[in-house]
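Breakdown of the fold
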Amino acid sequence: MAEVRLEGVKKCFGAVKVIPKLDLTIADGSFTVLVGPSGCGKSTLLRLIAGLEETTAGQILIDGVDVTDREPSDRSIAMVFQSYALYPHMTVAQNIGFGLRLARKPRSEIRRRVEEAAEILQLQALLDRKPRQLSGGQRQRVAIGRAIVRKPKVFLFDEPLSNLDAALRTQMRVELAELHAKLDATMIYVTHDQVEAMTMADQIVIMDGGIVQQSGSPMTLYDRPANPFVAGFIGSPRMNLLEGTVASDAGAELIGVRPEHFVLSNDAGSWEGRVRYAEHLGSDTVAYVDVEGVGSVTVRVSGEVPVRAGDRVFLTPNQARLHKFAGDRRLAA
Amino acid sequence: MSGFTWRSASRICVLLLVSSLIVIPLAATILGGFKTDGELRAEPFGLPDVWRTEYYAEIFADTRFWRYLWNSLVISLLTVALTLILGSMAAYAFAQAKFFGSRFLFSYLLLGLMFPFAAAIMPLFLTVRDLGILDTPWGVILPQVAFGLAFSIMFFRTFFKQMPPELFEAARVDGCGYIRFYFYFTLPLSTPILATIAVFVFVQSWNNYLLPLIMLNDRAGYTWTLGAMDYRGEYISSWNRTLAFMTMTLTPAVVFFIAAQKYIVAGLTGGSVKG
């Protein structure tokens, strides 16, 4: 368990500034998710913490110790890679115990710790297999086992679930959350999937262009996005961001309304529009509505609602949940 | 089973033709050792009337034959070992480490590919003489290694570059540096390319005639290629003995190839990255 602090961290690749200047604190024992679109610098940031990339400037402190110039193996971190990166010529047990073997731990201790890790991850039956004999989910578990066995202060995950299918991803998400609860360790997790971020994180750090756009608990980001980028990134379907008279009437340059914060009616409402397309998911109904003078609006209603393309409908946004923005910042509600 | 097709028939014909180019001379060599000289002249490709084993037995009993074979084996194995160690280490540095001048240095090494062996024989002789290793196995081994490095480094580097970079990163997090990674990962994961290069280098060294001819003067240090000449000189009309000798000397190279063959399969890295 440890706090991770980044102070004035910069990273350039040649002339390209990937991370301009970044200060961030990741609380001890938290599950922090770095999220953002492709190329936003989240993976680079993780690799800087891991020591796989050198910082151009700034300091990285883990548990109060400056590790900026230390080798990855001397930082008390463990990393799980997107591609698993298992050692193909070693068995599962050898894969998990390799770090301990390099650290010249006694054989008996290596065996005990490998078995402990295998038990946590239910890998006992697979210890003698080679990686190529395992399924995707099992491989990912071995990769996590390799991390656990070192008892690091900080776990780093680089999009670990993106190679798994949807069902397995959901299952592994739950397992990772349980693992966090069990190990009570600091975990930093990189993903571009905001559902993963919302479901797993204590703290989400949203990045774009190497800059932290906002950090906070998932609900803080959902309820009070600091700027239009965060507003649009968090939530699915994404928030309706509307300009023009509808925004100026509300005293802002831009207003945001989440699709679930509308009341949909057939006979009365603030805005009138025509349904362009409707998705019936059973649990929800998502309608794409063209509203005159406002533009295209996405609406999500709980349960099955019998709307069809071409229907005329009325929408009423929940005023209490309206997000107002001027330029790049949020206006006080 | 599918029936007769002209396509498969023609394919079989071509394969038979190509394999006969190798099999017929090889069979003639092996069988020639069982024939008398007269029979060999009359019918070089047929089966012998009587299987005479005395020529083979004669060579078996000849201590010179074993000495030639031993000399060739020592030279070839040392050449293989040195080429694999030096070539793979150099290629590993070119593939994994970023350092100033690496491209230039690599291109410089590749220049060796364009240099014909025979053209360098005179300066090679002078260098070996100046080093004082003339008439020793090293006088053959070191030039062979030097000339084998260019192509082995090129092959090794291509193979090493295909290794997923995450493997090195994961190992680095586990506490593995460049040198440990080379021994723990690069070498064990490279058996296919190691075996391929080893076979090339071994066969080349085993069959090398020119270099031993120039560098070795003492009969005690002769390799089998020089030894074969020796036989031919002694029994100028005795082709059956020469063929028996050739057959016996071919065996180690064939055995070495068969032993290495099973490793010449790619795909060992399957399962390391993604599914």
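Overview of the structure. (Residues numbered from 1 in each chain as written. Chains lettered and ligands numbered in written order. Predicted model: local features only at pLDDT ≥ 70, side-chain atom pairs only at ≥ 80, totals over all residues. Heavy atoms only, no water.)

**Remarks on the overall build of chain A**
A count of helical and extended segments in chain A gives 9 helices and 19 strands. Here the C-alpha coordinates of chain A stretch approximately 75 × 45 × 30 Å along the principal axes. Taken across its 333 residues, chain A has 53% of its residues classed as buried. Considering only intrachain contacts with a sequence separation of at least 6, the fraction spanning at least 24 residues in chain A is 64%. Summed over all atoms, the accessible surface of chain A reaches about 14400 Å², with 46% contributed by carbon and sulfur. Separation between the mean location of the 40 positive side-chain charges and that of the 40 negative ones in chain A comes to 7 Å. (Helix = DSSP H or I, 4+ residues; strand = E, 2+ residues; numbered from the N terminus. Buried < 20%, exposed > 50% of the residue type's maximum accessible area, 1.4 Å probe, protein only. Contact = heavy atoms within 4.5 Å. Areas by Shrake-Rupley, 256 points an atom, 1.4 Å probe, with all protein chains shown as cover. Lys, Arg positive; Asp, Glu negative; His and termini not counted. Charge placed at Lys NZ, Arg CZ, Asp CG, Glu CD.)

**Digging into empty space enclosed by the protein**
Gaps left between atoms are located by rolling a probe of water-molecule size over the structure's atoms. Throughout the structure, instances matching the rule amount to 2 cavities of 30 Å³ or more. Estimated volume of the largest cavity: approximately 60 Å³. Listing elements by their share of the lining of the largest cavity, those giving two or more residues are strand 6 (77-80) and helix 4 (136-148) of chain A together with helix 8 (165-173) of chain B. Per-class residue counts for the lining of the largest cavity are 7 nonpolar, no polar and 3 charged. (1 Å grid on protein atoms, 1.4 Å probe; cavity = no way out; pocket = protein on both sides within 12 Å on 5 of 7 lines; lining within 4 Å. Points joined across faces, edges and corners; volume = space filled by probe spheres on them. Nonpolar A, V, L, I, M, F, W, Y, C, P; charged D, E, K, R; others polar.)

**Describing the side chain of B:Ser72**
Tracing the sequence through the fold places B:Ser72 in helix 4 (residues 63-96). Look at B:Ser72 and you get buried, because its relative accessible area is 2%.

**Quick notes on a nonpolar patch on the surface**
Taken together, B:Phe99, B:Phe104, B:Leu105, B:Tyr108, B:Leu111, B:Leu113 and B:Met114 make up a surface patch of nonpolar side chains, about 770 Å² in accessible area. By the element assignment, B:Phe104 lies in helix 5 (residues 102-110). (Patch = residues over 30% accessible without salt bridge, like charges linked within 9 Å, V, L, I, M, F, W, Y side chains within 5 Å. Salt bridge = Lys/Arg side-chain N within 4 Å of Asp/Glu carboxyl O.)

**Focus: the environment of B:Thr196**
Residue position: B:Thr196 is located in helix 10 (residues 191-206). Within the structure, B:Thr196 has its side chain in polar contact with the backbone oxygen of B:Pro192 (distance 2.6 Å). (Polar contact = N/O pair within 3.5 Å; in protein donor to acceptor, adjacent residues only side chain to side chain.)

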